[in-house]
Amino acid sequence: MRMRTFVIRRLLLLIPVLIGVTLIVFALTRVGNPAAAYITEKMSETQIEMVYEKYHFNEPTYVQYFYWLNGLVNLDWGISKTDGSKPVIESMATYFPATFELTMVSIAIAVFVGISLGTVSAVRRDKPIDHATRIIALSGVSLPIFVLALILQFIFYSQLHWLPLEGRYDVSLYLESGGFTKFTGFYVIDTILSGKFTMFGDVLFHMILPAVTLAFGTIAIITRIMRSSMLEVLNLDYIRTAKAKGLPNKAVINKHARKNALIPTTTVVGLSFGGLLGGAVLTETIFSWPGLGRWSTRAVLANDANSILGFTLLTAFVYVIANLVVDVLYAYLDPRVRLG
Amino acid sequence: MPNDSTVAKNDILQTSAISQFKKSIAPRIREIRFSMFLARKSLLAMIGLAIVVIIVGIALLAPILAPPANNADPMQMPRDFHTPKPPGAEGYLMGTGKLGTDIYYGVIWGARTSIYVAMFVVLTAAFIGIIFGAMAGFYGGMIDEVLMRITDVFLSVPGLILAMAVCAVLGRNLENIMLSLTLVWWPSYARLIRGQVLSIRESVYVEAARAVGSKKTRVLFRHIVPNSLAPMLVNTTMDIGVVVLVAAGLSYIGFGPPSGTAEWGKMVADGQQYFTGTIFYEGAAYNPWWMWVFPGTMIFFFVMGFNLLGDGLRDILDPRLRR
């Protein structure tokens, strides 16, 4: 019951934040002349006036905000110049699955590797494996994502020829196998649904480098937090009790210690989601991954503010909701959290 | 002899003065010794410090290490407009890149760009954050509520993406990258300072300052704020590295200065254009790794140096370690 009021309260608290985000993005749309996107050199005075009339640019700013907000709610996010004058919302719907797929695989990798490394390095504190982990974690936060990507491409593509350079699938293989139907946009699922298992393998193959690149920074963060919270938990009395009553070490670590150490890690996973979305911009650009991130960098180079602001708004929404989910999960996992 | 006694007397006077001085300074010396001990103990922090010193040294000595050909704008890398050459060729220590830019020159002068960007962003953001955070924590009530909701909003957009949006609107150059990053960075400092101020506000010496009738602003900026800066030191040190990382990312995407400028992120991006290509120089074929490896390594060391130093500072400042 208290859980429900907590969730409702958190949902209500979202409203001012979301309004604030729309205010920031709206303010950014009004820097410079917002009408410029709709005006071409060939237009006459009256046509330009009509543009102003149509998009309400001649009204006071706060009125413009409400028109703009109304557009947002009705999924009218403006026109994306990058994609040959398609509506922003349509472009984003096209590119979203690719980014979502990549981000989810990366999170899965990061959580699995991060938790394992963190646990191992806490249990074997100050042993070689702990030092090795620390070096990995340190380079994870220090190495720019685009340099890491280039290093991986250099090793696994240029030198070893093990993995593909970029893209989501091999085009010639795609044509050979007769292609697959893009039901969902998530190619991992689509290839299975279409029964093209060679393509499925190829899609997975293409995902390895981008997913690892994107996960690397998050691995570092999760490992650090997992290690320190694990160390904290291992010093607690109930762990000593568990050991004293003769439980094997493995059971103590996996069943007793890790579960409680996971609680702070959950929060970090949620917070690192924002970093992943930002990182996806760089990763997708390098690996020519046709997702939102690459679309937004193309928008940058095309001076297409509409698309970038739409992308900003979308990621902000996703991030805010991800944080909400994490908060609720946290309260659920840790009964000690005050549901105030 | 009378002289002897006066000497002795002086001696006594002197030793007592010295011992008094020693006594008064003893806790400080103990503190410094303890810090030195921790610093020496933490090898990683020392490595971090060494890296930072080297990079700052490179930035300071840039005109000597790589004399500029064009004094009017030393941030432009000299170029010979030929196809890229491998390291060592024709006196180019690290080879040449796009349009024959001198990679070594860019690596050296890029240190200046990075330090400049990072210092500007971190110092400005810290200044704004301290003022807003201190006000929110000290006055509480409506001011606190409003300021913290504003930081909430800023923190609810992923940093790199908000910075991208701001850059996209303002235009693509280094100044706008710095501006956008400042805008993204200040809320976290405001949060941090607010938390500090909230706890320090209740301490006895603040009460004493109030009791003697100091003005509110004086209490806040002379007594509370200076005492809440220690954790800021750790965060700002680490953030100098992180800012460079993000700024390089933005520059890599294409928000930054035009190519040919000594900026590491842009240099990596330019080098990447040759990634799958092969360079032929004097009959031999080369994979042009040097164009992105050198600037990339510099970014890595820059960020790692400040990261390690910040980590070390935290250990030194953390009172829990003294037990």
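About the thresholds
Residues numbered from 1 in each chain as written. Chains lettered and ligands numbered in written order. Predicted model: local features only at pLDDT ≥ 70, side-chain atom pairs only at ≥ 80, totals over all residues. Helix = DSSP H or I, 4+ residues; strand = E, 2+ residues; numbered from the N terminus. Rg over C-alpha atoms; globule rule 2.2 N^0.38 Å. Buried ≥ 20, exposed ≤ 12 C-beta atoms within 10 Å, placed from the backbone. Contact = placed C-beta atoms within 7 Å. Axes fitted to C-alpha atoms, helices over the stretch in contact; angles between N-to-C directions. Parallel < 35°, antiparallel > 145°, perpendicular 65-115°, else oblique. Left-handed = near helix turned anticlockwise from the far one by under 90°. Nonpolar A, V, L, I, M, F, W, Y, C, P; charged D, E, K, R; others polar. Expected span 1.5 Å × (residues − 1). Bend = angle between axes of the 7 residues up to and from the residue. Core = buried A, V, L, I, M, F, W, Y, C linked by C-beta atoms within 7 Å. pLDDT = per-residue confidence, 0-100.

Moving on, we come to the overall build of chain B. Tallying secondary structure elements over chain B gives twelve helices and two strands in all. Reading chain B from its N end, one meets helices and strands in the order α-α-α-α-α-α-α-α-α-α-α-β-β-α. Its C-alpha atoms give chain B a radius of gyration of 26 Å, clearly above 20 Å, the size a compact globule of 323 residues would have. Its C-alpha atoms give chain B principal-axis dimensions of about 90 × 70 × 40 Å. Considering chain B as a whole, with its 323 residues, one finds that 43% of them fall into the buried category. Taking all contacts inside chain B whose residues are at least 6 apart in sequence as the whole, residues at least 24 apart take part in 72%.

On to the overall build of chain A, then. For chain A, the count of helices and strands is 13 helices and two strands. Taken over the C-alpha atoms alone, chain A extends approximately 85 × 55 × 40 Å along its principal axes. Look at the contacts in chain A between residues 6 or more apart in sequence, and 69% of them connect residues 24 or more apart.

Let us now look at unusual backbone geometry. All names here are of chain A. A positive phi is found at H161, a non-glycine position, where the angle reads about 55 degrees. Along the chain, the position of H161 falls in the loop between α6 (145–159) and α7 (171–176). According to the C-beta neighbour criterion, H161 is exposed, with 8 such atoms within 10 Å. Phi angles above zero are rare outside glycine, and S288 is one such case at about 45 degrees. Relative to the assigned elements, S288 resides in the loop between α11 (249–286) and α12 (292–301). Residue class for S288 comes out exposed when judged on the 12 C-beta atoms lying within 10 Å of it.

Here we take up the packing of helix α5 (residues 141–155) of chain B against helix α7 (residues 174–200) of chain B. All names here are of chain B. Where α5 meets α7, the axes come as close as 9 Å, and the angle between the chain directions of the two elements is 135 degrees. Between α5 and α7, the angle falls in the class oblique. The crossing of α5 and α7 is left-handed. Taken together, the residues of α7 that come into contact with α5 (itself represented by L147, T151, F154 and L155) are P187, S188, A190 and R191. Split by residue class, the contact of α5 with α7 holds five nonpolar, two polar and one charged.

Quick look at helix α10 (residues 237–244) of chain A now. Counting buried residues in α10 of chain A gives zero out of eight residues, a small share hidden from the surface. Positive phi appears at G246 of chain A, one or two residues downstream of α10 of chain A, with a value of about 90 degrees.

The partner chain A presents 39 residues to the 36 residues of chain B that form the contact. Elements supplying a minimum of two residues to the side of chain B that touches chain A: α5, α6 (159–170), α10 (230–253), α11 (264–272) and α12 (290–317) of chain B.

Quick look at the packing of α10 of chain B against α11 of chain B now. Residues and elements named next belong to chain B. Put simply, α10 and α11 touch, their axes get as near as 7 Å, and they point 40 degrees apart. Taken together, α10 and α11 sit at an angle that is classed as oblique. In this structure, α10 crosses over α11, and the sense of that crossing is right-handed. Residues A247, A248, G249, S251 and Y252 of α10 form the contact with α11, whose own contacting residues are W264, G265, K266, V268 and A269. Looking at side-chain class alone, the contact of α10 with α11 contains six nonpolar, three polar and one charged residues.

Over its 27 residues, α7 of chain B extends 38 Å from the first C-alpha to the last, a length consistent with the 39 Å expected when each residue adds 1.5 Å. Where α7 of chain B bends most, the angle comes to about 30 degrees, and this point is W185 of chain B, followed within four residues by the proline P187 of chain B.

All names here are of chain A. Within the secondary structure, F180 is located in the loop between α7 and α8 (187–193). Placed 17 residues apart in sequence, F180 and F197 show a C-alpha to C-alpha distance of 10 Å. Here F180 is in contact with D190, T191, S194, K196 and M199, once residues within four sequence places are set aside.

A separate point is the nonpolar core. With 161 residues, the main nonpolar core has A163, M164, A165, L181, V243 and V244 of chain B as its most contacted residues. Sorting elements by how many residues they give to this core places helix α9 (residues 197–234) of chain A first, with 19 residues. Contacts of M164 of chain B, omitting those with residues within four sequence positions, involve S296, V300 and I308 of chain A together with L250 and F255 of chain B.

Before going further, it helps to spend a moment on the environment of F26 of chain A. Residue and element names in this part refer to chain A. With respect to the element layout, F26 can be found in helix α1 (residues 2–29). As a C-alpha pair, F26 and T119 span 93 residues in sequence and 45 Å in three-dimensional space. Residue contacts for F26: discarding those within four places in its chain leaves Y65 and W68.

Mean pLDDT over chain A: 83, with 96% of residues reaching 70 or higher. No element of chain A has a lower mean pLDDT than helix α2 (residues 45–54) of chain A, at 74, and none a higher one than helix α4 (residues 88–123) of chain A, at 90.

Let us look at the confidence of the model for chain B. Residue and element names in this part refer to chain B. Across chain B, pLDDT averages 83, with 91% of residues at or above 70. When the elements of chain B are averaged for pLDDT, helix α1 (residues 2–41) gives the smallest value, 68, and helix α4 (residues 103–139) the largest, 92. Here the predicted complex scores 0.84 on pTM and 0.83 on ipTM.

Take the environment of H256 of chain A next. All names here are of chain A. You can see H256 is positioned in helix α11. Judged by the 19 C-beta atoms lying within 10 Å of it, H256 is partly exposed. Distance from H256 to Y238, taken between C-alpha atoms, is 8.4 Å for residues 18 residues apart in sequence. Apart from residues lying up to four places away in sequence, H256 is in contact with Y238, I239 and A242.

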